[in-house]
Amino acid sequence: MKKAFFKEASKAQIARKTKVKVASLADIVNLKAGEFTIVDAFTPEGYKDARKFMKHGEEVRVRRFRSSGEAVRYGKTPVQLREDAFDAIRGNEFCGYSFMPFARDRRKRKVSLTACLEGARLFAYSHQVRGAGIKMKAYADARRARIEGAEAVASVPSRTEGHDRHKFKLMAVPIVDIPEKYALAFNLGSDHACGAKRFNIRYRYLDDKESSGVVNFCSHEVAVYLELVQREWEQNKNIVPLQMCMFAIPSQRTVDFYLRLENNVLIKDKAEKGKEALRKPNLAEKEIALWEFVRQYGHDAAFFPKSSRDGSLRKYRWQVE
Ligand SMILES: [Zn+2]
């Protein structure tokens with residue numbers, strides 16, 4: 001069972017709310033707490049299920065560079081590169097965004113917007129609930145940190161009641177303010193394994209040689225990175241980990257949209273035997289809805305928080321009325 005902070009309304013609870021119509025998917029952000037809407041199923045055709053889409057669907061590509069030198073000369077931060085990529089999307093059927101490292105492993109890095117949202121939620125939880133804090137120790141040997149980035153060993157609470165914390169190490173975190181940071185950011189890695197990642201390993205030999213080398217970041221890694229961002233700023237007045245953050249950080253309004261997806265929307269599957277089946281949005285539909293939100297409102301409104309508008313990420317509202 002999920003911990004209270006992560007609870008969503010059940011299908012029955014949603015169905016008891018007042019049914020209203022919305023003009024477009026992005027408009028569900030305007031639903032009131034006591035309203036709900038029904039949307040036709042929109043898991044893309046050609047994928048057996050939501051997980052297959054999340055694994056094989058099209059990605060939004062963050063600009064690729066031929067070499068680390070080229071990335072340094074280009075001199076744009078990850079959030080600027082995401083702005084370019086996100087604001088250029090035409091459709092909404094994406095399973096995440098991806099970038100390529102310069103490290104020897106050459107494994108493509110992939111991040112879903114749902115992982116970014118769940119990571120931000122886990123980070124807020126760790127600050128809003130007593131005893132839930134993220135434990136972390138950063139190792140930044142001055143000389144190595146310049147070339148390879150810092151390492152951080154951390155433990156994050158689980159979202160599930162009674163489960164152990166996740167312990168792992170983040171690697172190649174940019175922490176020193178040198179030109180090479182523009183390349184180093186792409187090498188971000190970790191030794192984390194959790195449910196979602198094991199699923200990927202299990203499947204890679206069955207149906208998917210091509211993407212077997214992909215590093216899929218999950219919410220736990222996002223939460224730990226956000227914690228490191230905050231500590232570096234507050235303890236060392238160092239902005240580099242935030243400036244070089246490869247994870248998209250949501251605005252409060254994007255969080256509100258996500259919460260509406262979880263608590264105010266039911267999906268209607270194609271009728272079988274004349275029966276109308278309603279269910280909650282699956283992972284693929286949540287991801288696609290987030291991309292639609294980006295398409296409609298733009299990168300900055302969705303994933304470039306401003307303190308004057310959004311306040312502190314730690315204090316975001318994640319509780320639904
Ligand atoms: Zn994980």
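One structure accompanies this document, and this report is about it. This one's a predicted model, so the numbers in the text were calculated from it and none came from an experiment.

Each value, and the rule that gives it
Residues numbered from 1 in each chain as written. Predicted model: local features only at pLDDT ≥ 70, side-chain atom pairs only at ≥ 80, totals over all residues. Pairing = 2+ DSSP bridges. Helix = DSSP H or I, 4+ residues; strand = E, 2+ residues; numbered from the N terminus. Buried ≥ 20, exposed ≤ 12 C-beta atoms within 10 Å, placed from the backbone. Axes fitted to C-alpha atoms, helices over the stretch in contact; angles between N-to-C directions. Parallel < 35°, antiparallel > 145°, perpendicular 65-115°, else oblique. Left-handed = near helix turned anticlockwise from the far one by under 90°. Contact = placed C-beta atoms within 7 Å. Nonpolar A, V, L, I, M, F, W, Y, C, P; charged D, E, K, R; others polar.

1. What about the pairing of strand E2 (residues 35–40)?
- Pairing geometry for strand E1 (residues 18–19) and E2, over two bridges, is parallel. The residue bridging Lys 19 from the neighbouring strand is Phe 36, located in E2.
- Bridging between E2 and strand E11 (residues 265–268) involves four bridges; their strand directions are parallel. Paired with Asp 40 across the two strands is Lys 268, which belongs to E11.

2. Describing unusual backbone geometry
- Positive phi, close to 60°, is recorded for Ala 172, a residue that is not glycine.
- Mapped onto the secondary structure, Ala 172 falls in strand E8 (residues 166–173).
- Overall, Ala 172 belongs to the buried group, with 21 C-beta atoms counted inside 10 Å.
- Phi at Lys 237 takes a positive value of approximately 50°, unusual for a residue other than glycine.

3. As for the sheet that holds E1
- Spatially, the four strands line up as an open sheet ordered E1-E2-E11-E12, and their pairing is mixed. Edge positions in the sheet fall to E1 and strand E12 (278–279), since each has one partner strand and no second.

4. Some points on the packing of helix H5 (residues 113–128) against helix H9 (residues 219–236)
- Across the interface, H5 lies against H9 with an axial gap of 7 Å and an inter-helix angle of 55°. Viewed along their axes, H5 and H9 adopt a mutual orientation that is oblique. Every pair of crossing elements has a handedness; the one defined by H5 and H9 is right-handed. Here Ala 115, Cys 116, Glu 118, Gly 119, Ala 120, Leu 122, Phe 123 and Ser 126 of H5 come into contact with H9, specifically with Ser 219, His 220, Val 222, Ala 223, Leu 226 and Glu 227.
- A per-class count over the contact of H5 with H9 returns eight nonpolar, four polar and two charged.

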